[in-house]
Amino acid sequence: MKHIAIKSLMLGAALVASLSACDENAWNDEYLDGFETPTITKKETVEYTMTAADIKKVANMPANIALASERGETALLEAVGQNGFFTAEITPEYYAPAWLDSLSGVKGSINFWLSEKSTLKLSFPTSDALPAELTGIQNGENITISEAQYQQVWDSETDFTEAFAPSKPADKELPGLLLEAIDGAVEGDFAVVTYNVASQDPIFGGGSTPGPDEPSFEMSSTIASLAIGSPIEAKGIVTGICKQGYILTDLSGSTLVYYGNSFDIDSYAIGQQREVSGTGACFGGCLQIGSVSTDELCGTETYTFPTPLEITGPIFEQFSTDRQALKAANDGGAPVYAEIKGATFTQSGNYINFTVPGADKTKAEGSGYQVPAFITDIMTFDTPIDVKGYVIGCSGKAFVTFLVTEVNGNAPLAPAAVNVETVGSRAGVALSSVEEKAVYRFNGSAWSLCKDVVALTSREYAQMGASSSLTSAQAAEYLPIYLAAKYPYAKENDTYYIVYNFKNDDNTIKNFTSRATFTGTEWAVTTINTDMMQFVRAGKGNGWSNWVYDPSVYIDLPGGKNSTSAPFWQACVDWVYEHVDVPVFGAESITSGVGYVTTYGNNDYYTGASAYQCNIDLRASAARKQVPSVYGDMPDDDVVATMKRHFEEEVGPAILAKLYPDAQPGKGVDLYYVLSFVMYNGSSHDEVIRFLVTAPGTFEFVDCTWNEE
């Protein structure tokens, strides 16, 4: 069953659960065998939500197994039964009727007591459709890189470590390993790979640091060319650290490598040599590297810069005379390395602000940016101190954001303790590594990384407070947080796919895949949704039933002043004015009162439509008073019948065609639009009217309950 809103008028259409004067359980025997003459009869309606056990029964029914074979969906139906939810390919429309038929003669079943023409609103769990090229992830190979494979990577049975490292990156080594490990792969196959990554290369056999003739590290000169939105690769030295990133300096300049809340500060120290790739971004007029793709530790040896870095300072002495110059110096440029002498820092909770000599002490001139504990431990507050660091943003003419690196000549390096599991190694040094997961796809000849797919690791499950899988509630709560930290520079409509183990009731689905889309403010993650389809019971004449999917569209038009249905009724009034009052009566304004539309402009007596009361007013006396030239000598019954006919045959179909121009005739099952509304003739009555879609955007009146009264 479809459930849609009146989109052109922003009118919310509600699903009709039950109707008083008649019910939605009225069906035409032109498309359901065993039905009598078309009529709307009040019949039972029941709602039921399918369980995973129900869906397993559906998948195991011989009739459905045969149907799936005919449709080429055998494997998909088996997966639905195992998982306990429907998919975009396997829906109740085709596979629920056999199950419902099997319950019809069973006492105590959900539909045993339902009479013919009754309806069953069947709710069921379903997963969102994935792009065709991703639907096989769940059935893909699960590969954990073995010790023998790491030996192959390092080309040694003794000098190796069970991890990839900067000189042996996973994305370069894994395609070849997978090609050898997975026999018989065909195009479209997937592999979910678990492996370890170390942040530095091992030194085998207790060897020494390379000498001058074999430099282990050469800095780049690329940071000066950093631009917003452009990719960058840089090798440099860590020269500053905060809680959300660090300053990377190469031969051409410095920039902030930004991670946000996902930054693992304990893995970094001033003086480290790192190789980074990412995309240029900007904050407060200062360039930075955001959306970091790779960040690898290359070494920690002492490195002397061939050319001394230029220190612009003490620039803060300009605050009292030329604050705008400071901001101009930073617009779209690199962070400025600066010295503040005699600055006074104050702390309030997580906020650290400062003033400078010569400035108004009652007003902060800047803030310390995400100052880490190893810096605050050596700071004194409310007392002038000398600090060095980087201006990484400016706001207005006065306020700057400052990343502190040195306090009173003291430059702490920060503890670079990596809080991860230490893996076994036969190398000369023990290496720390972290577990990673990635999804690869076979294109027929080679394995390649799915860059828009991420897979949760055991470390990330633990961070979410889970063991090795997520429930629907956990996924809804934790995955948006995980994505916000992983992709801090995401743009609206950016989409990624997350692979994780999903706990559905008592069943755990390995490598379940959810779609995640960034709305501009947050990540929207879809896991298992609840959908609904409607089925109608038609008799076979043998005491059993035949359940048929019913796609009819139900639109609720509630009555009463200020109702949400007012736009629908106003559209009816507007149609009468434009198509009847103007050409027939010469009306020049919808509030002229000339013709069927009254001087209020929100009701007419061509149909009785009222956007004020949100109903159809069939009072003959009111119609005769508005249009005496038409209704003056007409009996009351004829007046009412005329207004009914106008709505049934002219205005109703015209307004539906305007609101739903894309409506298509049903395929195999007729498609009806069923409107519930209020009729007033001195008292209010709930009514239901049906229209059949006969051609694209074309509606034909079928029947209405007011003709049965």
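In this text, all values refer to a predicted model and were calculated from it rather than measured experimentally. (Residues numbered from 1 in each chain as written. Predicted model: local features only at pLDDT ≥ 70, side-chain atom pairs only at ≥ 80, totals over all residues. Heavy atoms only, no water.)

### Examining the overall build of the protein
Then step 1. Counting secondary structure elements, the protein contains 14 helices and 28 strands.
Then step 2. Carbon and sulfur atoms provide 48% of the accessible area of the protein, an area that totals close to 32500 Å². (Helix = DSSP H or I, 4+ residues; strand = E, 2+ residues; numbered from the N terminus. Areas by Shrake-Rupley, 256 points an atom, 1.4 Å probe, with all protein chains shown as cover.)

### Quick word on the confidence of the model for the protein
Then step 1. Of all residues in the protein, 79% attain a pLDDT of 70 or more, and the chain-wide mean is 80.
Then step 2. Looking across the protein, the model is least confident in helix α7 (residues 323–330), with a mean pLDDT of 50, and most confident in strand β25 (residues 615–617), with 97.
Then step 3. Contacts of residues 306–313 to residues separated by more than four positions or lying in other chains number 7 contacts, the stretch itself having pLDDT below 50. (pLDDT = per-residue confidence, 0-100. Contact = heavy atoms within 4.5 Å.)

### Let's talk about unusual backbone geometry
Then step 1. In this model, Asn511 sits at a positive phi of 60°, which is unusual for a non-glycine residue.
Then step 2. In this fold, Asn511 is placed in strand β19 (residues 507–518).
Then step 3. A positive phi angle is found at Asn562, which is not glycine, with a value near 65°.
Then step 4. As for its position among the elements, Asn562 is in the loop between β23 (553–556) and α11 (566–585).

### Describing the sheet that holds strand β16 (residues 447–449)
Then step 1. Spatially, 4 strands are ordered β3-β4-β15-β16 in an open sheet, and the strand pairing comes out mixed. Looking along the sheet, the strands with just one partner apiece sit at the ends: β3 (141–144) and β16. Here the strands of the sheet are splayed against their neighbours by 35° on average, with no regard to which way each runs.
Then step 2. In this sheet, strand β15 (residues 433–442) lies alongside strand β4 (residues 190–198) in antiparallel orientation, the contact comprising 9 bridges. Across the sheet, the residue bridging to Ala191 is Tyr440, located in β15. (Pairing = 2+ DSSP bridges. Axes fitted to C-alpha atoms, helices over the stretch in contact; angles between N-to-C directions.)

### Concerning the side chain of Asn196
Then step 1. Tracing the backbone through its elements, the reader meets Asn196 in strand β4.
Then step 2. Classification of Asn196 as buried rests on a relative accessible area of 19%.
Then step 3. For Asn196, the side chain forms a polar contact with the main-chain oxygen of Glu162, separated by 3.1 Å. (Buried < 20%, exposed > 50% of the residue type's maximum accessible area, 1.4 Å probe, protein only. Polar contact = N/O pair within 3.5 Å; in protein donor to acceptor, adjacent residues only side chain to side chain.)

### What to know about the pattern of salt bridges
Then step 1. Under the defined criterion, the tally for this structure stands at 6 salt bridges.
Then step 2. Among the ionic pairs, Glu73 bridges to Arg71, the shortest N-O distance being 3.2 Å.
Then step 3. When the shortest N-O distance is used, the salt bridge between Asp295 and Arg274 registers 2.8 Å. Here Asp295 is found in strand β9 (residues 286–299), whereas its partner Arg274 is found in strand β8 (residues 273–283), with 21 residues between them in sequence. Accessibility assignment for this pair places Asp295 and Arg274 in one class, buried. (Salt bridge = Lys/Arg side-chain N within 4 Å of Asp/Glu carboxyl O.)

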